[in-house]
Amino acid sequence: MYIRKHSVNRPPTPDEDVTESPERDELTLGEIINIKLVESGEKENLMELVRDRLVESGWKDEMRIACREHVKKKGRKDVTVDELIRAITPKGRASVPDAVKEELLDRIQNFIRSAAL
């Protein structure tokens, strides 16, 4: 059974102090969308959707195998987590199935329409 874990890398919800920086007066559209996604709880729903779809597609298993192969090739004692992330991230991003990307994009577009942004 798959146990869902909360994202440790999720950025915090922006505070008033962060959004009102003296260097600029306005937020970008991307920042506004991100804030609305976080405030509504939809961002966590989207993160869970992506995690589920990546597991279903076998992507997670592929990445696990790629990590193990990299560690085996370099030697267990000679690999740091940072190096492993640098080595595997480009392959991971490139191998996300198009169907997952499309579904995520559709959900974000529907959210934007429903939020009237």
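As the structure is a computational prediction, the values presented were derived from the model and not from experiment.

(A) Fine view of the packing of helix α3 (residues 42–57) against helix α6 (residues 98–115). For the pair α3 and α6, the least separation of the axes is 10 Å and the interaxial angle reads 165°. Classified by the angle between their axes, α3 and α6 sit roughly antiparallel to one another. The way α3 lies across α6 gives a crossing that is right-handed. Mapping the contact onto sequence places E42, N45, L46, L49, V50, R53 and L54 in α3 and V100, E103, L104, R107, I108 and F111 in α6. Counted by class, the contact of α3 with α6 contains eight nonpolar, one polar and four charged residues.

(B) Summary view of helix α5 (residues 81–94). Taking 1.5 Å as the rise per residue, α5 with 14 residues should run 20 Å; its terminal C-alpha atoms sit 20 Å apart, in good agreement. Taken as a whole, α5 carries its principal kink of about 40° at I88; the proline P90 stands between one and four residues after it. Along α5, the residues classified as buried are E83, L84, I88 and G92.

(C) Seen up close, the packing of helix α4 (residues 59–74) against α5. Close contact between α4 and α5 brings their axes to 10 Å; oriented N to C, the two are set at 140°. One way to sum up the angle between α4 and α5 is to call them oblique. Where α4 crosses over α5, the handedness of that crossing is right-handed. Contacts between α4 and α5 pair W59, M63, A66, C67, H70, V71 and K74 from the former with E83, L84, A87, I88, K91 and G92 from the latter. Split into classes, the residues belonging to the contact of α4 with α5 amount to eight nonpolar, two polar and three charged.

Conventions we followed
- Residues numbered from 1 in each chain as written.
- Predicted model: local features only at pLDDT ≥ 70, side-chain atom pairs only at ≥ 80, totals over all residues.
- Heavy atoms only, no water.
- Axes fitted to C-alpha atoms, helices over the stretch in contact; angles between N-to-C directions.
- Helix = DSSP H or I, 4+ residues; strand = E, 2+ residues; numbered from the N terminus.
- Parallel < 35°, antiparallel > 145°, perpendicular 65-115°, else oblique.
- Left-handed = near helix turned anticlockwise from the far one by under 90°.
- Contact = heavy atoms within 4.5 Å.
- Nonpolar A, V, L, I, M, F, W, Y, C, P; charged D, E, K, R; others polar.
- Expected span 1.5 Å × (residues − 1).
- Bend = angle between axes of the 7 residues up to and from the residue.
- Buried < 20%, exposed > 50% of the residue type's maximum accessible area, 1.4 Å probe, protein only.

Limitation: the analysis is restricted to geometry and does not speak to function.
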